[in-house]
Structures are given as C-alpha cells and as structure tokens.
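Per-entry structural report
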Amino acid sequence: MTELTQQTETAKPAAFAYAPAPESRAVVDIAPSYGLFIDGEFTDSAAGGLRKTVSPATEEVLAEYTQAEAEDVDRAVKAARKAFGPWSALPGAERAKYLFRIARIVQERSRELAVLETLDNGKPIRETRDADLPLVAAHFFYYAGWADKLAYAGFGAAPQPLGVAAQVIPWNFPLMMLAWKIAPALATGNTVVLKPAETTPLSALFFADICRQAGLPRGVVNIVTGDGSTGASLVGHPGVDKVAFTGSTAVGKEIARTVAGTDKRLTLELGGKGANIVFEDAPLDQAIEGIVNGIFFNQGQVCCAGSRLLVQESVHDEVLDALKRRLTTLRVGDPLDKNTDVGAINSAEQLARITELAAAGEAEGAERWSPACELPSDGYWFAPTLFTGVTQAHRIAREEVFGPVLSVLTFRTQEEAVAKANNTPYGLSAGIWTEKGSRILKMANQLRAGVVWANTFNKFDPASPFGGYKESGFGREGGRHGLEAYLEHA
Ligand code: TAP
C-alpha cells in the first residue's frame with residue numbers, strides 16, 4: 001500500500017515533464033541536390049544554376065535545387081505536349097488507376113512526406129501529419145473517382161481536356177496545393193508542368209519520384225523549380241493551354257495581363273482577408289477554438305485565414321479574456337515536436353512583411369498583445385499576436401498579413417457585421433458563430449466570400465469547391481466544380 005502511494009506520487013511530476021521526442025528527420029532522405037523533373041527524368045538545367053532551400057526553423061540548408069530557365073521550361077512544355085495525346089486517349093478508368101496508385105503511395109509515404117514538408121515549410125508536424133497529408137491523399141482518391149465518370153458530370157457526353165496545364169503554386173501548403181492542381185488536371189486527361197514556390201520545392205520533387213513509382217507515363221507530370229522568373233516563363237509559354245495559379249493577388253494580376261488576349265484558359269486563387277464573425281449567442285468555448293484555429297493554423301499563412309475577428313460588442317470583453325487565456329497555452333517552437341502548435345514563419349522575407357504590418361498596426365493606434373513566449377534564436381519566428389481597438393481604416397484590417405496576427409473589430413447588429421465583413425477587396429472566406437440557423441442561412445447569401453463556414457473554420461474536403469470572389473480570384477478547385485477548369489465544355 002505504501003509502495004503504491006509512493007509510485008503514484010513520483011509518477012505525477014514525471015507525467016508533467018513528459019515531452020514526446022521530436023519526429024525524427026531520419027525518416028526522410030533528402031539528397032544534396034535535385035534536378036528538374038522533365039519527361040520522366042531528373043535532368044540538369046541547360047544553364048545549370050542551383051538555388052538553396054533552407055529550414056525556416058533553423059536556417060539550415062536542406063538541399064540545393066535547380067533554377068529552371070526559359071529553355072528548360074520549353075523542354076518541359078514540349079514533354080507535356082508529347083504526352084498529352086496518349087494520356088488523353090486513355091480510357092478514364094485507366095487514368096483513374098494511376099491516380100489511385102498515387103493516392104496510395106502518398107498514404108504509404110505520408111510520414112516521410114509530413115516530415116519533409118515540415119522541414120521545408122516550418123509548419124508543425126501535427127498539421128502536416130493530420131491535415132496536409134491526409135488531404136493530399138484524399139484529393140487524389142476523390143479525383144481518381146471522377147476520371148471514369150466525366151461523361152456523367154453534366155459537361156456533355158464527351159468532355160474534352162484542354163491540353164497542357166501550367167500550374168504555379170505558393171509555399172504555404174506546398175503538397176496540398178500541388179494535389180489541388182495535379183489531381184483534377186490528370187483526371188480530366190490534361191498533362192501538367194508545375195512550378196512550386198522557391199522556398200518550398202522539396203515536396204514537389206518527392207512527388208515527382210512518386211509519379212515514377214506509380215509508373216505514370218513520361219511527360220504527364222513535369223516539375224520545374226525556380227524563382228518567379230520560372231513561373232513567368234511557364235505562364236507565358238505559347239505551348240500552354242491552361243494556366244492555374246495560386247498565390248498573391250499582385251502576381252495573379254500580372255499573370256492575368258500575360259494571359260489576356262491569348263486563348264489560354266485561366267483560374268486564379270489569390271489572397272484573402274477573412275472575417276470570423278462571433279455573435280453573442282454563439283457557443284463561445286467552441287468559438288474561441290475556431291478563432292485560434294482560424295488565425296494560428298499554419299502560423300496564419302493561409303489564404304482563407306480568419307484574420308479579422310468581428311465580435312459582437314456585448315461579448316467583446318468575455319471573448320477577449322478567454323482568447324488571451326487560450327493563447328497563453330499555445331506552444332511556439334520546434335515544428336518537428338508533436339506538441340508544437342505554432343511553428344516557424346516560412347521565410348525571412350515573409351517575417352519582414354509580418355513585422356512591418358504589425359508595426360503599422362501599433363503606429364496607427366491599435367493595441368497590440370502577445371502571450372509571453374520564448375522564441376528560438378535561429379530561424380524565422382513571430383509570436384501569436386492580437387490587435388484590439390482596430391478600425392476598418394487600419395492597414396491590419398485591410399491588408400493580408402499572412403501571419404499569426406489577428407485584428408479584432410466589433411459590431412452591434414447583423415447588418416453591421418455583414419457590411420464590415422464585406423468591406424474588403426478580397427472575397428475568399430468567412431466564418432459565422434451563432435446558435436441561429438436562420439441567421440447562418442441568411443448571412444451565407446449576404447457574405448461575398450467563396451467559402452462560408454458556420455460554427456467551424458478552416459474545414460476542407462476534396463468534394464467541396466473552394467475559391468474566391470473579387471480580388472481573391474476566380475474559378476473553383478475541389479468538387480465537381482474543380483473539373484470544369486480543365487475541360488473544354490465548361
Ligand atoms: P506569390 O509570391 O504570388 O507566389 C506564388 C507563386 O508564383 C510562387 O511559385 C512564385 O514563385 C510564383 N511567381 C512569382 N512571381 C511570378 C510571376 N511574375 N509569374 C509567374 N509566377 C510567379 O505568393 P506566395 O507569397 O508564394 O503565397 C502567398 C499568397 O498566396 C498569399 O497572398 C495567399 O493568400 C495566396 N494563397 C492563396 C490561396 C488560395 S486557394 N486562394 C492558397 C494559398 C495561398 P517564387 O516562390 O519563386 O516567388
């Protein structure tokens with residue numbers, strides 16, 4: 001009896017001190033350098049330039065990769081063109097087999113890919129493991145299911161693919177954005193040249209290896225790495241039939257100008273300034289979790305982040321108190337540690353942008369608050385930050401911060417909430433927290449946002465279309481809508 005008591009007593013402090021080991025980076029084998037993936041082979045650039053990709057959490061160089069120049073892009077587009085005929089002629093059920101195979105390999109290699117993505121991007125392993133990778137596999141499974149049913153999707157009896165798709169993606173969800181682009185393109189019989197972002201090229205290069213493992217015919221998927229100039233060469237290439245871009249509104253506008261007047265089809269998924277609207281009748285505990293998830297998931301580097309909290313005046317103080325208490329429990333630090341909630345900012349450049357906008361928030365008179373937290377000395381870090389007393393004129397209420405910075409505004413009536421939520425050039429996402437179903441249905445029609453979540457936030461499903469209004473772009477990815485962007489009959 002005495003012994004048992006002693007054991008229980010000594011077990012307690014040990015339980016509190018328990019910290020699971022970081023996910024081992026040994027599960028992923030990163031080569032010292034990577035070539036371009038063109039026509040089923042990794043090849044050097046004609047010019048031979050190399051770039052480095054670093055871990056944003058430590059600034060350690062992870063690998064070198066190749067800067068694709070215009071002539072490399074040309075080779076990739078030609079390889080995709082050559083593959084297009086035979087690929088598009090395959091019966092849908094055959095294309096589906098490749099997509100199912102890719103989905104299964106992604107699942108089998110998901111631990112390796114999650115660690116890789118966390119290393120290259122800086123996001124917590126818990127997110128890559130539980131959100132990014134499952135969604136990547138789900139996206140390939142979902143579009144594999146469509147490949148042999150296109151004739152029944154309402155696009156006519158024999159919908160035709162467009163040809164070669166040029167796809168340019170950002171760094172915030174590298175593999176997930178790749179899946180959103182490549183899965184529907186391949187399911188509909190198109191071939192692809194994809195350019196990942198310059199700070200996160202690795203998961204796309206590992207995906208190239210997965211394509212080989214799946215036995216995907218040569219040239220169906222080509223990966224060209226490099227900086228913005230590689231992206232510009234790709235979207236401007238005359239051999240491209242379709243451009244799909246996800247990234248900033250500024251670059252999206254530039255691409256729209258390049259494509260204007262050509263016969264290329266274009267879809268743009270751009271920035272956002274999502275409003276997360278909390279009414280006094282909302283389940284507040286749940287709403288607090290939704291607010292935290294809405295802005296601190298992926299360090300707030302999410303196009304659909306709930307970066308503006310609109311809280312009803314009557315519950316402002318209660319919500320803010322609870323929110324601050326919750327933020328003090330967030331763990332910021334090593335992205336490979338399974339206990340980490342907030343990881344590193346993706347790049348020094350992005351950190352500078354966040355820092356500048358947060359300083360502008362203070363300078364314009366909003367009140368800044370962060371929980372006490374120690375940030376690692378190396379790498380790129382920004383503490384979770386709240387601004388209260390924000391007005392609609394403040395830059396932090398108007399501009400996309402793309403970081404862990406929440407601007408809190410208040411409203412009194414439902415009409416005011418809608419007006420404030422819509423008072424932005426963007427139109428990507430919004431969230432509503434309330435007990436009233438009728439209010440949700442009414443507001444969903446009034447909010448000018450491509451996605452409206454009710455009593456939840458940042459929920460994704462491959463069957464659900466995603467995309468924006470206004471300066472958040474046009475076209476939808478996901479669901480049956482996602483097929484339209486790659487078919488002649490749309
Ligand atoms: P961008 O700077 O726009 O970069 C996106 C991609 O475009 C990168 O691969 C980039 O290459 C490339 N690029 C840069 N200049 C180009 C040019 N002139 N022509 C063609 N391609 C060019 O965005 P980012 O900073 O990576 O990502 C953050 C932005 O993406 C945010 O605004 C966010 O809201 C938006 N985003 C939107 C969505 C959706 S679904 N709407 C999803 C995720 C992100 P480099 O990396 O080499 O510069």
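Looking at an unreviewed UniProt entry, the chain carries the name Aldehyde dehydrogenase family protein, with the source organism given as Streptomyces iconiensis.

When two helices pack together, their arrangement is given by the angle between their axes and by how far apart the axes lie. Running from N to C, helix H3 (residues 92-108) and helix H5 (residues 125-146) cross one another at 165°; their axes reach a closest spacing of 8 Å. On the basis of the axis angle, H3 is roughly antiparallel to H5. The handedness of the crossing between H3 and H5 comes out as left-handed. Note on element contacts: H5 touches H3 through Leu133, Val136, Ala137, Phe140, Phe141, Tyr143, Ala144 and Gly145, opposite Ala96, Leu99, Phe100, Ile102, Ala103, Arg104, Val106 and Gln107. Grouping the amino acids of the contact of H3 with H5 by side-chain chemistry returns 13 nonpolar, two polar and one charged.

Sheet architecture is open: seven strands sit in the order E13-E14-E15-E12-E11-E16-E17, paired in mixed fashion. Strands with a single pairing partner mark the edges of an open sheet, and in this sheet they are strand E13 (367-369) and strand E17 (451-454). Across the sheet, the mean angle separating the axes of adjacent strands is 20° when strand polarity is ignored. Along the sheet, helix H10 (residues 284-296) makes contact with strand E11 (275-278), strand E12 (308-312), strand E14 (385-388), strand E15 (405-411) and strand E16 (429-433), crossing E11 at roughly 170°. Here helix H11 (residues 316-327) sits on the sheet in contact with E12, E13, E14 and E15, set at roughly 165° to E14.

This part takes up the pattern of salt bridges. Overall, the coordinates contain 29 salt bridges when judged by the stated rule. Residue Asp74 is joined to Lys78 by a salt bridge in which the shortest nitrogen-to-oxygen separation is 2.8 Å. Taken together, the positions of Asp74 and Lys78, both in helix H2 (residues 70-89) and four residues apart, correspond to about one turn of that helix. Taking the relative accessible area as the measure of exposure, Asp74 reaches 24% and is therefore partly exposed.

Conventions used here
- Residues numbered from 1 in each chain as written.
- Predicted model: local features only at pLDDT ≥ 70, side-chain atom pairs only at ≥ 80, totals over all residues.
- Heavy atoms only, no water.
- Axes fitted to C-alpha atoms, helices over the stretch in contact; angles between N-to-C directions.
- Helix = DSSP H or I, 4+ residues; strand = E, 2+ residues; numbered from the N terminus.
- Parallel < 35°, antiparallel > 145°, perpendicular 65-115°, else oblique.
- Left-handed = near helix turned anticlockwise from the far one by under 90°.
- Contact = heavy atoms within 4.5 Å.
- Nonpolar A, V, L, I, M, F, W, Y, C, P; charged D, E, K, R; others polar.
- Pairing = 2+ DSSP bridges.
- Salt bridge = Lys/Arg side-chain N within 4 Å of Asp/Glu carboxyl O.
- Buried < 20%, exposed > 50% of the residue type's maximum accessible area, 1.4 Å probe, protein only.

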